[in-house]
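Examination of the molecular architecture
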Amino acid sequence: MNKQITLAMGNGGEENNELISKIFYKAFQNDILEKSEDAAVIHGGELAFSTDSFTVSPLFFPGADIGKLAVCGTCNDLAMMGAKPKYLTCSVIIEEGFSTRDLEKIVRSMKKELEVNGAIVVSGDTKVVPRGSVDKIFINTTGIGEIQKKGISSNNISQEDVILVSRDIGRHGATIFAAREGIELSSTLESDCASLTHQVQALIEAGVNITALRDATRGGVSAVLNEWAKQSNICIEVQEDSIPVSQEVYGICEMLGFEALNLANEGTFVLAVKKEDEQKALEVLHGFENSNNAVTIADVTQQYEQRVILLSSYGTKRFLDTPTGELLPRIC
Amino acid sequence: MMTTAKIEVSKVSELQLKDLYDGFRNPEVIQGFAKLIKEEAKKLEKPINIMEVCGGHTHSIMKFGLPQLLPKNINFIHGPGCPVCIMPKERIDHAYILAELEDTILVTLGDMIKVPGSKGSLQDARAKGADVRFVYSPLDTLKIAQENPDKKIIFFAIGFETTTPMTTSLIDIVIKKGIKNIFFHINHVTVPEVMVELIDSRDEHVDSYNNRIDAFLGPSHVSVITGSKIYEKFPKKYGRPVVVAGFEPVDVMEAILMIVKQFNEGRCELEIEYKRLVSRDGNLKAQALIEKYFEKASLFKWRGLGNVPQSGYKLKSEYAYLDAEKVYAEILPKEEIEDHKLCICGDILRGMAKPQECTIFGTACKPQTPLGSCMVSSEGACAAYYKYGNLI
C-alpha cells in the first residue's frame, strides 16, 4: 500500500477496499464487521447500526446540501438492512470562521430529513477547529434502526434472484462534478439525494421476498454489483441498454469520459429480489416519485465467478470492474 | 409563418443528446457492418493488423467490445496515442519537482496526475502537500492565476495535436494581457512522426524491422486540427493505407470495412470516414497559433519507445521567459531514466506482442501501480485489456 494516504483510497473502489481491509478490518476483526453489510446487524438480529461521515464540496448543491446528505446517508444504510431508522447521533467538526447562517441552514435540512424518516437525534457533539484544519464542516451521523425484515444480506444472492435498480443512475456524482471548481458546466441536473426508508418499508409491507439491498453511493452501481458478485460468489450479467441514465448524466459522462455506472448516488439503490417477486417489487417502486423508473438490469448466473459482465445490445460483452483511482476527466 | 418558426425553434430546443449519438451506436447498423466486414474479410489473402493510433480509439474499441464482432483475420494493434501514457518518467519528475516548489501551483489536465514518475505521481505530490490542480480547459488556468497573484502557476502542458492549440491559446492570452505569474512546461507531441517511428525506425533505441502494422486507423480529433494531409505519406511512401475514423462504434466499424476493401481491391490510399468533422487542411487558425509559439524539438523521449526525432514541440526561444524548462533549468534533472526492464510496451506498440504476453501484466503491473506506458491510463492497451478483459 502507498506510504501516504491518497484521494484514490477514499473512492469507494478498489484502493478504498484495500485501505479498509489492511488497516481497519485487520485491527478490529470480528464476525459482525466482516459481514461487510451497509449496517451492522446486532442485538440478536433486532437492530441495525451504522455510521457515516460527510464531507462534500460545495456544501450546498443542486438538489440537496450536506445536512440532508448526512441524514439520508445513515438512514439509507439502515434501510438497506430492512430497518426503520429510529435514533441518530450527530457530530460536527466546524472550521473557524464558518458562517452561522449556513450552519443553521444545514441543521434545518437535517431536521426536515429526520422527520421524513421518523427518526430523532438523541446525542451529539461539536468541535470547532482552527482555520485550515478541516474544509468548512464535516458531519458524522450514527444511527440505530429497528429491523422490520430479517435476513437481508449481500452474502445470500443466488441464481433465483434478479437485480433491479430503483431509478436512473449517477445523478449525485455528475451533479457534484459539474458543480466543482475547474469544471465550468451549467446544467439543470439535481442530485438524487433522498431517504429510501419509505420505499424499503413499502417493499417489506407488500411481502416482496428481498434477498439484498444496497444504496449505490461512492463507487456507484459498479461497486455494488462487484461487491455482491464477490460476497455471494456469483456472476452478475447486466444488460447494458436496460440501465436507466438521464440525458444530462449521459452528457456529462460523454464529455468527461466517465461511466454513469461508476458515479455516486445518494438516493438510488440496487435490489436483489426473488424472480417471482420481480413484478411486485417494480410495482411498489413505481408508486414512488423517486423510483418511478425502477427497472430490472441484471440476471444472476455462474458463468464467470465473482465477476460482473456487461452485455451490449449488439452482441458483445465485457467485464465491469470495481472503479479504481480518483475520478478524473479523460484528456481527449 | 410566425407559428411555423416558433414550432421549429421549440423542436431545436427539444433536441436531445441521444439524437446526436444514437445513429452512431445503433445495434442494427453495428451488426450490419460486422456482417459486411465478415463477408469482405473472407476474400483477404492473409490476416491484417490494423493499428488504431489514438488512445481514444483504443478506449472505444475495448469499451464497445468491437474485436468480438470481427473475424479472426482482422486484428487490432493498439497504438501509442495516449498522451499521459507516453510521458517519460524524466518529465513527470520535472512536474513533481516544480509542484514541490514553495508558492507554486502546478496545473495540468485530468488523468496526468495519476501517472507515476520515479518520485511518484502528482497525486502523491499533492498528498505530501504540493498544490497540484487539474483543469478541464487550459484557459481555466487564468482564473487560478488571477486568484493567486502572489504564486507562480506552472501549466504542465500535455497532449497531441488536439490539445496543443488550447495551450497556445493560453500562451496567447498570457502574452497579450502581460500576465506575469503563468509559466509553461511543454510536452506536446505529434502523431505522424511516431507513426513513422513505429514502421520505419532503425536507430539504437528502436528497431521497427519486425513491426506487424498493415494499416492505420487515423485519429479523430487530432485530424480535426491537423487535417488529413498529415497522413498522405503513409500510403504513398510507406505502403500503409490510412482511414481517418470517428470515435463511435459505427465509425470504427465502417473504417475497418473501408480498410479491408482497400486490401481486397489492391488499393493503398488515405480515406476519411470521419467526414463530418475532418477535412484535408484541418483547422488553419489552430495551426497558425501552434506555428506562432512552438517549434519542433529535435528529439522527444516517449515512454516505451525512446527518443523519436521531431515528435515533440517546444516554445520558440523568444518566449524562453515563459518556458519553465528554461526558467527552472537549474533544478530540473537532465539524466535519462530507463524504462522498467521487464516491460514490453515497445513491442506491444509495434504489434509484436499482446499485453497478455508480458510477464508482469496484471501482476506487478496493474492500473493502480503501472510500470509501463500501456498500463498508465485507461487509453493504454494494457490498461484497456486489464479493465475490459478479452471476453469472447
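Within every chain, residues take consecutive numbers counted from 1 along the sequence as written. For this description, chains carry letters from A and ligands carry numbers from 1, given in the order in which they are written. Reporting in this predicted model follows two pLDDT cut-offs: at least 70 for local features of residues, and 80 or more for side-chain atom pairs to be given and counted; totals over whole chains, interfaces and linings ignore these cut-offs and use all residues.

Helical segments are the DSSP runs of H or I of at least four residues, strand segments are the runs of E of at least two, and each set is numbered from the N terminus. From N to C terminus, chain B includes 16 helices and eleven strands. Relative to a compact globule of 392 residues, whose C-alpha radius of gyration would be 21 Å, chain B shows 22 Å and is just as compact. Seen along its three principal axes, the alpha-carbon backbone of chain B occupies a region of about 70 × 65 × 40 Å. Whether a residue is buried, exposed or partly exposed is read from the other C-beta atoms within 10 Å of its own C-beta, which are placed from the backbone; 20 or more gives buried, 12 or fewer gives exposed, and intermediate counts give partly exposed. Relative to its full complement of 392 residues, chain B shows a buried share of 52%. Contact criterion: two residues are in contact if their C-beta atoms, reconstructed from the backbone, are within 7 Å. Here the contacts in chain B between residues at least 6 apart in sequence split such that 75% fall between residues at least 24 apart. Here the globule rule reads 2.2 Å times residues to the power 0.38, and the radius of gyration is calculated from C-alpha atoms.

Turning our attention to the overall build of chain A. Along the backbone of chain A there are nine helices and 14 strands. Relative to the 2.2 N^0.38 estimate, which gives 20 Å for 332 residues, the radius of gyration of chain A is 19 Å and therefore close to what a compact globule would have. Principal axes of the C-alpha set define a box for chain A whose edges measure 55 × 55 × 45 Å. Scored against the burial criterion, the 332 residues of chain A give a buried share of 49%. Within chain A, contacts between residues separated by at least 24 positions form 84% of all contacts whose residues are at least 6 apart in sequence.

Okay, the domain arrangement of chain B next. Residue and element names in this part refer to chain B. All domain edges in this entry derive from an automatic or database-based domain assignment. Each domain of chain B was delimited in the assignment, giving domain 1 (21-83 + 205-272), domain 2 (89-191 + 283-327) and domain 3 (345-388). Centre-to-centre, using C-alpha coordinates, domain 2 lies 26 Å away from domain 3. On the side of domain 3, nine residues touch domain 2, which itself brings six residues to the contact. Here the residues of the side of domain 2 that touches domain 3 are counted per class, giving three nonpolar, one polar and two charged. Charged residues are taken to be Asp, Glu, Lys and Arg, nonpolar residues to be Ala, Val, Leu, Ile, Met, Phe, Trp, Tyr, Cys and Pro, and polar residues to be all remaining types, Gly included.

Residues and elements named next belong to chain A. Per the domain assignment, the segments of chain A are domain 1 (35-147) and domain 2 (161-319). Relative to domain 2, the C-alpha centre of domain 1 lies at a distance of 23 Å. Contacts between the two partners involve 23 residues from domain 1 and, on the opposite side, 23 residues from domain 2. When contributions to the side of domain 1 that touches domain 2 are tallied by element, the ones reaching two or more residues are helix H3 (66-79), strand E5 (83-95) and helix H4 (100-117). In the side of domain 1 that touches domain 2, the residues fall into twelve nonpolar, seven polar and four charged.

Omega for the peptide link from A:Ser57 to A:Pro58 comes to 0 degrees, which places this bond in the cis form. Along the chain, A:Pro58 falls in the loop between strand E2 (47-54) and strand E3 (60-61). Residues other than glycine seldom take positive phi values, yet B:Asp103 does so here, at roughly 50 degrees. Among the structural elements, B:Asp103 can be located in the loop between helix H5 (89-100) and strand E3 (104-109).

If you look at the interface, chain A gives 29 residues, while chain B gives 37 residues. At the level of elements, helix H1 (14-28), helix H8 (247-256) and strand E14 (317-319) of chain A are the ones that each hand at least two residues to the side of chain A that touches chain B. Split into classes, the residues belonging to the side of chain A that touches chain B amount to eleven nonpolar, eleven polar and seven charged.

All names here are of chain B. The buried count for strand E2 (residues 74-81) comes to seven of eight residues, which makes it a mostly enclosed element. Of the strand pairs in this sheet, strand E1 (residues 48-54) and E2 are connected by six bridges, and their pairing is parallel. Paired with glutamate 52 across the bridge in E2 is histidine 78. A crossover counts as right-handed when, viewed with the strands pointing away from the observer, the path leading from the first strand over the helix to the second turns clockwise. Where the polypeptide runs from E1 across helix H4 (residues 55-63) and back to E2, its parallel neighbour, the crossover connection is right-handed. Whether two strands pair depends on DSSP finding at least two bridges between them.

Below, the discussion takes up the environment of A:Asp102. All names here are of chain A. Relative to the assigned elements, aspartate 102 resides in helix H4. On the basis of neighbour counts, which here come to 17 C-beta atoms within 10 Å, the residue aspartate 102 falls in the partly exposed class. Residues aspartate 102 and alanine 264, spaced 162 residues apart in sequence, show a C-alpha to C-alpha distance of 25 Å.

Once that is clear, we can look at the sheet that holds strand E8 (residues 161-165) of chain A. Residues and elements named next belong to chain A. Read across the open sheet, the seven strands follow the order E9-E11-E8-E12-E10-E13-E14; overall the sheet is mixed. A strand with exactly one partner marks an edge of an open sheet, and here the two such strands are strand E9 (210-215) and E14. Looking at each pair of strands side by side, their axes are set apart by 25 degrees on average, direction ignored. Here strand E10 (residues 235-239) pairs with strand E12 (residues 295-301) via four bridges, running antiparallel. Opposite isoleucine 236, over in E12, you have valine 300 as the bridge partner. Whenever a helix is involved, its axis is fitted only over the stretch in contact; in every case the axis is a line through C-alpha atoms, and angles between N-to-C directions fall within 0 to 180 degrees.

Right, let's talk about the packing of helix H8 (residues 164-177) of chain B against helix H13 (residues 284-293) of chain B for a bit. All names here are of chain B. Axis separation between H8 and H13 bottoms out at 9 Å; the angle between their running directions is 60 degrees. Considering the angle they form, H8 stands oblique to H13. Seen from above, H8 lies across H13 with left-handed handedness. Facing Thr164, Pro165, Thr168, Ser169, Ile171 and Asp172 of H8, the residues of H13 in contact are Ala286, Leu289, Ile290 and Tyr293. Geometric relationships in this document are graded by angle, where less than 35 degrees denotes roughly parallel, more than 145 denotes roughly antiparallel, 65 to 115 denotes roughly perpendicular, and other angles denote oblique. The sense of a crossing depends on the near helix, which, turned anticlockwise from the far helix by less than a right angle, makes the crossing left-handed and, turned clockwise, makes it right-handed.

The next subject is the nonpolar core. To form a nonpolar core, buried Ala, Val, Leu, Ile, Met, Phe, Trp, Tyr and Cys residues must be joined through C-beta atoms within 7 Å. In this structure, B:Ile50 and B:Leu106 are the most contacted members of the largest nonpolar core, which totals 120 residues. If one sorts the elements of this core by residue count, helix H12 (residues 249-264) of chain B sits on top with eight residues. Apart from the residues lying within four places of it in its own chain, the contact partners of B:Leu106 are B:Ala95, B:Leu98, B:Ala99, B:Leu122, B:Ala130, B:Asp131, B:Val132, B:Ile154 and B:Phe156. In this structure, A:Leu164, A:Ala212, A:Phe258 and A:Ala264 belong to the second largest nonpolar core, which totals 84 residues.

Residues and elements named next belong to chain A. One less than the residue count of a helix, multiplied by 1.5 Å, gives the span that helix is expected to have. Taking 1.5 Å per residue, twelve residues should reach 16 Å; helix H7 (residues 220-231) reaches 17 Å between its end C-alpha atoms and fits that length. With respect to burial, H7 is a largely interior element, ten of its twelve residues being buried. Turning to H7, its buried residues number three or more, namely Gly220, Val221, Ser222, Ala223, Val224, Leu225, Asn226, Glu227, Trp228 and Ala229. For H7, the secondary structure elements touched by its buried residues are E8, helix H5 (171-179), E9, E10, strand E11 (269-274) and strand E13 (308-311).

Next up on the list: the pairing of E8(A). All names here are of chain A. Where burial is concerned, most of E8 is hidden: five out of the five residues are buried. The side-chain alternation of E8 yields two buried faces, one formed by Asp161, Ile163 and Val165 and the other by Val162 and Leu164. Relative to E12, E8 is paired through four bridges, and the arrangement is antiparallel. Bridging across to E12, valine 162 finds its partner in aspartate 299.

Our next topic: the environment of B:Lys42. Within the fold, B:Lys42 resides in the loop between helix H3 (27-41) and E1. In sequence terms B:Lys42 and B:Pro71 are 29 residues apart; their C-alpha atoms lie 8.7 Å from each other.

It is worth spelling out the sheet that holds E1(B) at this point. Residue and element names in this part refer to chain B. Taken in spatial order, the five strands line up as E2-E1-E7-E8-E9 in an open sheet, and their pairing is parallel. At either margin of the open sheet sits one strand with a lone partner, and together these are E2 and strand E9 (270-272). When strand polarity is set aside, the average angle formed by the axes of neighbouring strands in this sheet is 20 degrees. Strands E1, E2 and strand E7 (215-218) of the sheet are contacted by H4, whose axis makes an angle of about 120 degrees with E1.

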